[in-house]
Amino acid sequence: MSIEIRQAVPTDAPHIFSIKQAVWPSETSEDQAVSYIADIIALPNHAIRLAFIENVPVGFIDGFMTHTLDGLPRWEVDLLAVHPNFRGRAVAAHLVALSGESGRIRGAKFARGLVEINNTASQQVFAKCGYDLDDQIHVLYVGPGRLTDGLVPNPENTLLTPVQTINYRGIWIEGDYNKAGFLAGQALCNEHRWDLAGAVIPTNHIIGVQTAQELGFTLVGHYQWWKRGLA
Ligand SMILES: CC(C)(COP(=O)(O)OP(=O)(O)OC[C@H]1O[C@@H](n2cnc3c(N)ncnc32)[C@H](O)[C@@H]1OP(=O)(O)O)[C@@H](O)C(=O)NCCC(=O)NCCS
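The structure presented is a predicted model; accordingly, all values stated were derived computationally and were not measured.

Asks: Before we go on, may I ask you to explain the overall build of the protein in this structure?
Replies: Of the regular secondary structure elements, the protein holds six helices and eleven strands. The C-alpha atoms of the protein give a radius of gyration of 18 Å, which matches the 17 Å a tight globule of 231 residues would have. Across the 231 residues that make up the protein, the buried fraction comes to 36%. Sequence separation of 24 or more characterises 71% of the internal contacts of the protein that already satisfy a separation of 6 or more.

Asks: Explain the domain arrangement of the protein to me, please; I cannot follow it from the model alone.
Replies: As a measure of interface size, the accessible area lost when the parts come together is often cited. When the domains of the protein are assigned, the result is domain 1 (3-135) and domain 2 (138-224). One C-alpha centre belongs to domain 1, the other to domain 2, and the line joining them spans 23 Å. The interface is formed by 14 residues belonging to domain 1 together with 14 residues belonging to domain 2. Of all elements in the fold, only helix H2 (30-41), strand E3 (56-67), strand E4 (73-82) and strand E5 (110-116) reach the threshold of two or more residues within the side of domain 1 that touches domain 2. If one sorts the elements of the side of domain 1 that touches domain 2 by residue count, E5 sits on top with three residues.

Asks: I would appreciate a short explanation of the site of the ligand in the present structure.
Replies: Close contacts around the ligand come from 19 residues, with Arg87, Ala92, Ala93, Ala121 and Gln124 the closest. For the shell around the ligand, the secondary-structure elements that each account for two or more residues are E4, helix H3 (91-105) and helix H4 (120-128). Among the elements that take part in the shell around the ligand, H4 stands out by supplying six residues, more than any other. In the shell around the ligand, the residues fall into eleven nonpolar, five polar and three charged.

Asks: How do you make sense of unusual backbone geometry when you look at a structure like this?
Replies: Glycine aside, the phi torsion of most residues is negative, and most peptide linkages are trans. Phi is positive for Tyr177, close to 55°, though the residue is something other than glycine. Its place among the elements puts Tyr177 in the loop between strand E9 (169-175) and helix H5 (179-192).

Asks: Would you mind going over the packing of helix H1 (residues 13-23) against H2 with me for this structure?
Replies: Packed helices, taken two at a time, are described by the angle between their axes plus the distance between the axes. Remark: H1 packs on H2, axes separated minimally by 8 Å, with the N-to-C direction vectors making an angle of 115°. Crossing of H1 against H2: the hand is right-handed. Across the interface between the two elements, Ala13, Pro14, Ile16 and Phe17 of H1 pack against Glu30, Ala33, Val34, Ile37, Ala38 and Ile41 of H2. Residue composition of the contact of H1 with H2, grouped by class: nine nonpolar, no polar and one charged.

Each value, and the rule that gives it
- Along each chain, the written sequence defines residue order, and numbers are assigned to residues from 1.
- Local features in a predicted model are, by the rule used here, given only for residues with pLDDT of at least 70; side-chain atom pairs are given and counted only at 80 or more, and totals for whole chains, interfaces and linings are based on all residues.
- Each helix is a run of H or I in the DSSP string that is no shorter than four residues. Each strand is a run of E no shorter than two, and both are numbered from the N terminus.
- As defined in this context, the radius of gyration uses C-alpha atoms, and a globule is described by 2.2 Å times the residue total to the power 0.38.
- The exposure label follows from counting other C-beta atoms within 10 Å of a residue's C-beta, where the C-beta atoms are placed from the backbone and the thresholds are 20 or more for buried and 12 or fewer for exposed, leaving partly exposed in between.
- Residue pairs qualify as contacts under a 7 Å threshold applied to their C-beta atoms, which are placed from the backbone.
- What fixes the domain bounds is an automatic or database domain assignment.
- We call a residue near a molecule or strand if the C-beta atom, set from the backbone, is within 6 Å of it.
- Gly is placed with the polar residues, together with every amino acid not listed as nonpolar (Ala, Val, Leu, Ile, Met, Phe, Trp, Tyr, Cys and Pro) or charged (Asp, Glu, Lys and Arg).
- Angles shown run from 0 to 180 degrees and are taken between the N-to-C directions of axes, each axis being a line fitted to C-alpha atoms and, for helices, limited to the stretch in contact.
- By convention, the crossing between two helices is left-handed when the near helix turns anticlockwise from the far helix through less than a right angle, and right-handed when the turn is clockwise.

In structure tokens:
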């Protein structure tokens, strides 16, 4: 049974929605979700790939370009899912390999994927695709946008990245994880009227974790980065 993989187009949104529902069931309105996914597929900085086995859509991956604090082009392997009935047939391994290729073609210097510490299946997939595990454990915190009086300056050593993913629109906060950085991220999130501001903070960054908690951010889970050079 051969796997075929192609770039998704906006009319594939119902396929992605149904795979996503099979993997992470939710009560979202189908029409709304499909129209949202179609918008994300159309974004020029994304490469969403869809896998088929005998013409049945069985898995997808989303990747998109961001930049590091130092301005290095970086490929985010953001969301990967394979329908439960089609697992263990190397669909994910093919999707991850091709996503990295999309990043390389677009000039990314490296690719990274954030994997929950107990997600053995995903860890195996990244390992198989030549990604290296960053031993440091991180906590993912998310918070809402925050209304502020006037402009909040973006502090030095803070990177605020507006992202539109298959699951949400939001601001990623990176860098020093100080209070000014979190507030600037929340203000930017509010300005866009987006869903959330998020930070992936090393567990040993005590001040960063405390600040996220003080600002009412919610802990999502414990994660590790998997990275691979693309040059
Ligand atoms: C993670 C996921 C995408 C893997 O999809 P898949 O198509 O079954 O994975 P593959 O068949 O390509 O497997 C690649 C490698 O990982 C290993 N692997 C896959 N699932 C595994 C599991 N549950 N336990 C141990 N190893 C596993 C495979 O054995 C294979 O290694 P091998 O070639 O040495 O045998 C799928 O399990 C999934 O959709 N999970 C839920 C969503 C999710 O966790 N997404 C990732 C978020 S970061």
